[in-house]
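Remarks on the overall topology
Residue-level listing of the chains:
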Amino acid sequence: QVQLVESGGGLVQPGGSLRLSCAASGIIFRINAMSWYRQAPGKQRELVAAITTSGNTDYADSVKGRFTISRDDAKNTVYLQMNTLKPEDTAVYYCNVNLITLTQRLGNYWGQGTQVTVSS
């Protein structure tokens with residue numbers, strides 16, 4: 001069993017900041033890439049940011065320069081620092097982790113989602 005627990009969402013005014021966390025636990029042998037997705041009402045889920053095991057990052061054009069993804073492998077945790085938030089950033093944010101379990105199964109696992117609302 002693998003569990004991903006997200007935290008850090010909430011309501012923030014435009015221009016504000018939030019930091020999302022996603023902690024993985026369970027029968028984990030090794031974590032590979034970690035990423036954040038988001039889904040706004042009526043829209044498809046989209047990739048926001050991703051980070052590899054070596055620390056290489058990639059961002060959606062809409063968040064470049066405002067969001068920063070990072071990871072702490074000692075804690076099996078991925079973070080998303082979101083600055084200068086805009087109303088269009090409002091969505092449910094999901095973490096995704098590609099990992100290998102102790103039973104040597106490779107798979108992608110999703111967090112439960114955390115709501116981010118940017119509004120005045």
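All values derive from a computational prediction rather than experimental measurement.

How each quantity is defined
- Residues numbered from 1 in each chain as written.
- Predicted model: local features only at pLDDT ≥ 70, side-chain atom pairs only at ≥ 80, totals over all residues.
- Heavy atoms only, no water.
- Helix = DSSP H or I, 4+ residues; strand = E, 2+ residues; numbered from the N terminus.
- Buried < 20%, exposed > 50% of the residue type's maximum accessible area, 1.4 Å probe, protein only.
- Contact = heavy atoms within 4.5 Å.
- Polar contact = N/O pair within 3.5 Å; in protein donor to acceptor, adjacent residues only side chain to side chain.
- Core = buried A, V, L, I, M, F, W, Y, C linked by side-chain atoms within 4.5 Å.

Bringing the environment of Arg38 into the picture now. By the secondary structure assignment, Arg38 is in strand β4 (residues 28-39). We classify Arg38 as buried; its relative accessible area is 6%. Each C-alpha atom of the pair Arg38 and Gly113 lies 8.5 Å from the other, and the pair is 75 residues apart in sequence. Look past the residues within four positions of Arg38 in its chain and what remains in contact with it is Gln44, Arg45, Glu46, Val48, Ser62, Val63, Phe67, Glu88, Asp89, Ala91, Val92 and Tyr93. A polar atom in the side chain of Arg38 sits 2.7 Å from the side chain of Glu46. A polar contact of 3.0 Å, which involves the side chain of Arg38, links it to the side chain of Asp89.

With that out of the way, let us pick up the nonpolar core. Nonpolar side chains in soluble globular proteins tend to be buried together. Trp36, Leu80, Met82 and Tyr93 are the most contacted members of the largest nonpolar core, which totals 31 residues. Listed by contribution, the elements that provide at least two residues to this core are β1 (2-7), β3 (18-26), β4, β5 (46-51), β7 (67-72), β8 (77-82), β9 (91-101) and β11 (114-118). Per element, the largest residue contribution to this core is five residues, and it comes from β9.

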